[in-house]
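Architecture at a glance
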Amino acid sequence: MRKQIAAANWKMNGTLQQANELLDGIINEKISYSPHREVVFAVPFPYLILAKEKIKNINGYKVAAQNCYTKSSGAFTGEVSAAMLQSIEVDYVIIGHSERREIFAENSKMLAAKVDVCLANNLSPIFCCGEPLQIREAETQNEYVATQIQESLFHLTNDQLKNVVVAYEPIWAIGTGKTATAQQAQDMQAFIRNIFKEKYGDEVAKNISILYGGSVKATNAKEIFEMPDVDGGLVGGASLSVPEFISIIKSLK
Ligand code: PGA
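Conventions used here
- Every residue gets a number counted from 1 within its own chain, in the order that chain's sequence is written.
- Local features in this predicted model are restricted to residues of pLDDT 70 or higher, and side-chain atom pairs are both shown and tallied only at a pLDDT of 80 or more, whereas totals for entire chains, interfaces and linings draw on every residue.
- Excluding hydrogens and water, the side-chain values take into account all heavy atoms of the structure.
- Any Lys or Arg side-chain nitrogen found within 4 Å of a carboxyl oxygen on Asp or Glu counts as a salt bridge.
- The way it works is that DSSP assigns letters per residue, a run of H or I at least four long becomes a helix, a run of E at least two long becomes a strand, and they are numbered from the N terminus.
- With a 1.4 Å probe rolled over the protein chains alone, any residue whose accessible area is under 20% of its type maximum counts as buried; one over 50% counts as exposed, and the rest are partly exposed.
- Only a single heavy atom is needed: when it lies within 4 Å of a molecule or strand, its residue is near that molecule or strand.
- In protein, a polar contact means a hydrogen-donor-capable atom and an acceptor-capable atom, both N or O and within 3.5 Å, with residues adjacent in sequence counting only if both atoms are side-chain atoms; elsewhere, any N or O pair within 3.5 Å suffices.
- All accessibility values rest on the Shrake-Rupley procedure with a 1.4 Å probe; residue burial counts only the protein chains present in the view.
- For this scheme, ten residues count as nonpolar: Ala, Val, Leu, Ile, Met, Phe, Trp, Tyr, Cys and Pro. Four count as charged, namely Asp, Glu, Lys and Arg, and the remainder, Gly too, count as polar.
- Planes of paired rings set the category: under 30 degrees apart is stacked, over 60 is edge-to-face and the rest tilted, where pairs are Phe, Tyr or Trp rings (Trp by its six-membered ring) whose centres lie within 6.5 Å.
- Geometrically, a lysine NZ or arginine CZ counts as sitting over a ring once it is within 6 Å of the ring centre and also within 35 degrees of the ring normal.
- Following DSSP output, two strands are said to pair if at least two bridges run between them.
- Angular values range over 0 to 180 degrees, each being the angle between N-to-C directions of two axes fitted as lines to C-alpha atoms, with helices fitted over their stretch in contact.
- Every angle not falling under 35 degrees, over 145, or within 65 to 115 is termed oblique; those three ranges are roughly parallel, roughly antiparallel and roughly perpendicular.
- What makes a crossing left-handed is the near helix being turned counterclockwise from the far one by less than a right angle; a clockwise turn instead makes it right-handed.
- Note on contacts: a residue pair qualifies if any of its non-hydrogen atoms lie within 4.5 Å across the two residues.

For the rest of this paragraph, the subject is the pattern of salt bridges. Under the defined criterion, the tally for this structure stands at 15 salt bridges. Put simply, Arg 2 and Asp 231 hold a salt bridge, and the shortest N to O gap is 2.8 Å. Within this pair, whereas Arg 2 is found in the segment before β1 (4-9), its partner Asp 231 is found in the loop between α11 (221-225) and β8 (232-235), the two being separated by 229 residues in sequence. Given the relative accessible area of 1%, Asp 231 is considered buried. One salt bridge connects Asp 229 with Arg 193, and the closest N-O pair in it is separated by 2.5 Å. Taken as a pair, Asp 229 in the loop between α11 and β8 and Arg 193 in helix α9 (residues 182-200) lie far apart in primary sequence, 36 residues in all. Asp 229 gets classed as buried once you look at its relative accessible area, which sits at 13%. Accessibility expressed as a relative area gives 8% for Arg 193, which makes it buried. Taken together, the shared-partner salt bridges connect Arg 2, Arg 193, Asp 229 and Asp 231 into one network.

Turning to the site of the ligand, a few remarks are in order. Close contacts around the ligand come from 13 residues, with Lys 11, His 97, Glu 169, Gly 175 and Ser 215 the closest. The side chain of Lys 11 places a nitrogen or oxygen atom 2.7 Å from an oxygen atom of the ligand. Gly 237 places a main-chain nitrogen or oxygen 2.8 Å from an oxygen atom of the ligand. Relative to its unbound accessible area of 290 Å², the ligand is 95% covered by the protein chains. Counted by class, the shell around the ligand contains 4 nonpolar, 7 polar and 2 charged residues.

Turning next to the packing of aromatic side chains. Applying the stated rule across the entire model yields 5 aromatic pairs. Centroid distance Phe 154 to Tyr 200: 5.9 Å. Interplanar angle 85°. Geometry classified as edge-to-face. Of this pair, Phe 154 sits in the loop between α7 (141-153) and α8 (158-161) while Tyr 200 is found in helix α9, placing the two residues 46 residues apart along the sequence. Neither Phe 154 nor Tyr 200 differs from the other in exposure class; each is buried. For Tyr 200, a relative accessible area of 7% puts it in the buried group. An aromatic cluster is present here, built from Phe 154, Phe 196 and Tyr 200 joined pairwise through their rings. Just above the ring of Phe 104 sits the side chain of Arg 100; from NZ or CZ to the centre is 4.0 Å.

Spatially, the 8 strands close up into a barrel ordered β1-β2-β3-β4-β5-β6-β7-β8, and their pairing is parallel. The average undirected angle you get between the axes of adjacent strands in this sheet is 25°. The pairing of strand β3 (residues 61-65) with strand β4 (residues 92-95) spans 2 bridges and is classified as parallel. Paired with Ala 64 across the two strands is Tyr 92, which belongs to β4.

On to unusual backbone geometry, then. Within the chain, Lys 11 stands out as a residue other than glycine whose phi angle is a positive 55°. Mapped onto the secondary structure, Lys 11 falls in the loop between β1 and α1 (16-27). Residues other than glycine seldom take positive phi values, yet Ala 105 does so here, at roughly 55°. Along the chain, the position of Ala 105 falls in the loop between α4 (98-103) and α5 (108-120).

Now for the packing of α1 against helix α2 (residues 48-55). Taken N-terminus to C-terminus, the directions of α1 and α2 make an angle of 25°; their axes are 11 Å apart at the nearest point. The angle between the axes of α1 and α2 places the two elements in the roughly parallel class. Relative to α2, α1 is oriented so that their crossing is right-handed. Contact with α1, carried on its side by Leu 16, Ala 19, Asn 20, Leu 23, Asp 24 and Ile 27, involves Leu 50, Ala 51, Lys 54 and Ile 55 of α2 and no other residues of that element.

See the structure below:
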């Protein structure tokens, strides 16, 4: 069975004290471990080492950065390199979140380079894709998402793609309280898996984890995660509440 993942995307939220409380609250719940399940904490940069320290020696927990830069070192004030993240043993890096694409003008070419630098440093990218509302209303979301994937991932080899996780996040559902229906998530994620099948073959496509993101919460997680091509979620707002996120973790297949 491919990996089922509940990833907490804290975004730019929480003080050090709140980070401590959130991490402790979730880790102390001692959710029963299963080798095909993972809980990922995508915390702001200042808390990565803290999160890493707290999950040490506990199975099933991983840590993600929310971004990285394409260069390994140098005069790039304010940026963080994949090499730095590797040196503190981060596991994943979120690449191409719609907020990075929209607010920080990250384009497909830059995201392809970020994917490359992650893989070169043994970090698994959680690659985000997803359409804005006007594209959904025009019913061209499949072409839109296919292009995002082709432009930033299709240069990878089969072996490289095995280390990538994809997150489908329709922009109209992020932070809006408006969730895609379980069926809308399933339809798109089956489509995405098929894109990988055509390019990389059945074996790679079958094993790639595709998460859904966009207003996942305790009350809708189970229905969405039950869909055959949904392998868990990338969770923003609801990951900032201990009981909400625990319930979401327990909704994984
Ligand atoms: P949300 O965010 O759960 O608050 O909609 C999801 C995301 O942006 O990753």
